[in-house]
Amino acid sequence: MDNRPIGFFDSGLGGLTSIPHMIKTLPNESIIFFGDTARTPYGSKSPETIKLFTEQIGDFLVNEGVKMIVIACNTVSATALETLRNRFPDIPVVGVISPTARVIANTCTKHDKIGIMATKVTVSSGAYEKKIKEKNSEIRVNTIACPALVPLIEEGIIDNQIMDLTLKYYLDDFITTKNIDTLVLGCTHYPLVAENIRKLYPDIKLISSSKEVVEAIRIELEKRDAFSDRKAFDNRFFASDLSENFVRMIETILGEDKDSLNINFKNLDI
Ligand code: DGL
């Protein structure tokens, strides 16, 4: 039994998309979420910069006394998972690429034409191809970098023609030329535009992984006998820039008013 909180982080607000399922599935667990809204997006930065930012966030979460770190960001999972594991050898670190690759390996076959949408860094890391190959070597995937999506989502430009045009700009040719029938949301911001994608491409199957990520957390807690037996803290949310949109998105994603959520500013730039 371990009543310490679990630390989640993302480059911005995307990682919040896994929190509702987390709260529903493991309601006794307390959460500390950090969104690096002042420095988002990470997806076009160098791996060295991402590693440095990740170390700063890891230090912050560990100082807050977390029992586990969840990298709720594909870009960081692709570049800095080992950096965190090496820095905190006693704290389990769960990334999002392995759980997403598990969903792909379990639900797709070699006949599926799979397209993975992600940031530039995630695409150029080849992390998805590597993880999927480990789980099912017959499955082939195509990847596409969609760098304009995260800044638009962070701005709250979602239910909007600009978002639809941007999605079409990236996906129309990709889907046609590669005959894509399955699209993987390889960035934790993208579930926030899943409805736009569904409307634009109603016949395409969408894969996202927040359930699988929570299952990976549950397995890790079980392995270590580290479940919490009661809610010891209220969930706490931190951001390096408390933009109006970040606060509004927390309210939207969690379905609660900002006054009932514990939202704080935390600058990690040193
Ligand atoms: N949510 C992050 C991911 O899953 C977005 C990265 C970014 O900031 O570009 O990759």
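Up top you'll find the structure we're talking about.
About the criteria used
- Residues numbered from 1 in each chain as written.
- Predicted model: local features only at pLDDT ≥ 70, side-chain atom pairs only at ≥ 80, totals over all residues.
- Heavy atoms only, no water.
- Helix = DSSP H or I, 4+ residues; strand = E, 2+ residues; numbered from the N terminus.
- Pairing = 2+ DSSP bridges.
- Axes fitted to C-alpha atoms, helices over the stretch in contact; angles between N-to-C directions.
- Contact = heavy atoms within 4.5 Å.
- Phe/Tyr/Trp six-rings, centres within 6.5 Å; stacked < 30°, edge-to-face > 60°.
- Buried < 20%, exposed > 50% of the residue type's maximum accessible area, 1.4 Å probe, protein only.
- Disulfide = S-S within 2.5 Å.
- Salt bridge = Lys/Arg side-chain N within 4 Å of Asp/Glu carboxyl O.
- Near = heavy atom within 4 Å.
- Polar contact = N/O pair within 3.5 Å; in protein donor to acceptor, adjacent residues only side chain to side chain.
- Areas by Shrake-Rupley, 256 points an atom, 1.4 Å probe, with all protein chains shown as cover.
- Nonpolar A, V, L, I, M, F, W, Y, C, P; charged D, E, K, R; others polar.
- Parallel < 35°, antiparallel > 145°, perpendicular 65-115°, else oblique.
- Left-handed = near helix turned anticlockwise from the far one by under 90°.

Trainee: Just to check I follow, could you spell out the environment of G7 for this structure?
Mentor: Tracing the chain through its elements places G7 in strand 1 (residues 6-10). Along the chain, G7 and G65 lie 58 residues apart, while their C-alpha atoms are 8.7 Å from each other.

Trainee: What is the right way to read the sheet that holds strand 6 (residues 141-145) from this model?
Mentor: Strands belonging to one sheet form pairs held by backbone hydrogen bonds; the direction of such a pair is parallel or antiparallel. With parallel pairing, 4 strands are arranged side by side in an open sheet as 6-5-7-8. Edge strands, defined here as strands with exactly one partner in the open sheet, are strand 6 and strand 8 (205-207). Averaged over all pairs of adjacent strands, the angle between strand axes in this sheet comes to 25°, irrespective of strand direction. Here strand 5 (residues 114-118) runs beside strand 6; their pairing, made up of 5 bridges, is parallel. Note that in strand 6 the partner of I116 across the bridge is T143. Packing against the sheet, helix 8 (residues 161-178) makes contact with strand 5, strand 6 and strand 7 (182-185), and its axis sits at approximately 160° to strand 6.

Trainee: Looking at this structure, I do not really get the packing of aromatic side chains. What am I missing?
Mentor: By the definition in use, this model includes 5 aromatic pairs. Note on F60 and F238: the rings are 5.1 Å apart at their centroids and 75° apart in plane angle, and the pair reads as edge-to-face. With F60 in helix 2 (residues 47-63) and F238 in strand 9 (residues 236-239), this residue pair connects regions lying 178 residues apart in the sequence. There is no split in this pair, since F60 and F238 are both buried. By way of ring pairs, the aromatic residues F34, F60 and F238 are connected into one cluster.

Trainee: What exactly am I supposed to notice about the state of the cysteines here?
Mentor: Two cysteines, two sulfur atoms, one covalent bond between them: this is a disulfide. Tallying each qualifying case throughout the model produces 0 disulfides. The thiol of C73 is unpaired, and the distance to the nearest cysteine sulfur, on C187, comes to 6.7 Å. For the unlinked cysteine C146, the closest cysteine sulfur is that of C187, found at 9.0 Å. For C146, a relative accessible area of 1% gives the class buried.

Trainee: Just checking my understanding: could you explain the pattern of salt bridges for this structure?
Mentor: Per the stated rule, a full pass over the model turns up 16 salt bridges. Its salt-bridge partner being D36, residue R39 comes within 2.8 Å of it at the nearest N-O pair. One exposure class covers both R39 and D36, and it is buried. As a salt-bridge pair, E215 and R218 come within 3.1 Å of each other at their nearest N and O atoms. In this pair, E215 and R218 are both assigned in helix 10 (residues 210-223), 3 residues apart and thus about one turn of the helix distant. Of the residues examined, E215 reaches a relative accessible area of 29% and is grouped as partly exposed. Here the salt bridges do not stand alone but share partners, grouping E55, D59 and R87 into one network.

Trainee: Can you help me understand the site of the ligand in this one?
Mentor: Around the ligand sit 14 residues in total, of which S11, Y42, T75, T188 and H189 are the nearest. In this structure, an oxygen atom belonging to the ligand sits 2.7 Å away from a main-chain N or O atom of Y42. Burial of the ligand by the surrounding chains reaches 99%, relative to a free accessible area of 300 Å². Of the residues belonging to the shell around the ligand, the class tally is 5 nonpolar, 8 polar and 1 charged.

Trainee: Mind showing me how you'd approach the sheet that holds strand 10 (residues 262-265) here?
Mentor: Strand order across the open sheet formed by 6 strands is 4-3-1-2-9-10, with parallel pairing between neighbours. Of all the strands in the sheet, the pair left with one neighbour each is strand 4 (93-94) and strand 10. Relative to strand 4, strand 3 (residues 68-71) is paired through 2 bridges, and the arrangement is parallel. Residue pairing across strands places V70 opposite V94, the latter belonging to strand 4. Where helix 2 meets the sheet, its contacts fall on strand 1, strand 2 (31-35), strand 3 and strand 9, and the angle it forms with strand 1 comes to roughly 155°. Contacts from helix 11 (residues 244-254) reach strand 2, strand 9 and strand 10 within the one sheet, and its direction differs from that of strand 9 by about 150°.

Trainee: Help me understand the packing of helix 2 against helix 3 (residues 74-87), please; the structure alone is not making it clear to me.
Mentor: Angle between the axes and distance between the axes: these two values describe a pair of packed helices. Where helix 2 contacts helix 3, the two axes come as close as 9 Å, and the packing angle between them is 50°. Overall, the two elements helix 2 and helix 3 adopt an arrangement that is oblique. Considering how the two elements wind past one another, helix 2 and helix 3 form a crossing that is right-handed. On helix 3, the residues that touch P47, I50, K51, T54, E55, G58 and D59 of helix 2 are T75, V76, T79, A80, T83, L84 and R87. Its residues assigned to classes, the contact of helix 2 with helix 3 shows 5 nonpolar, 5 polar and 4 charged.

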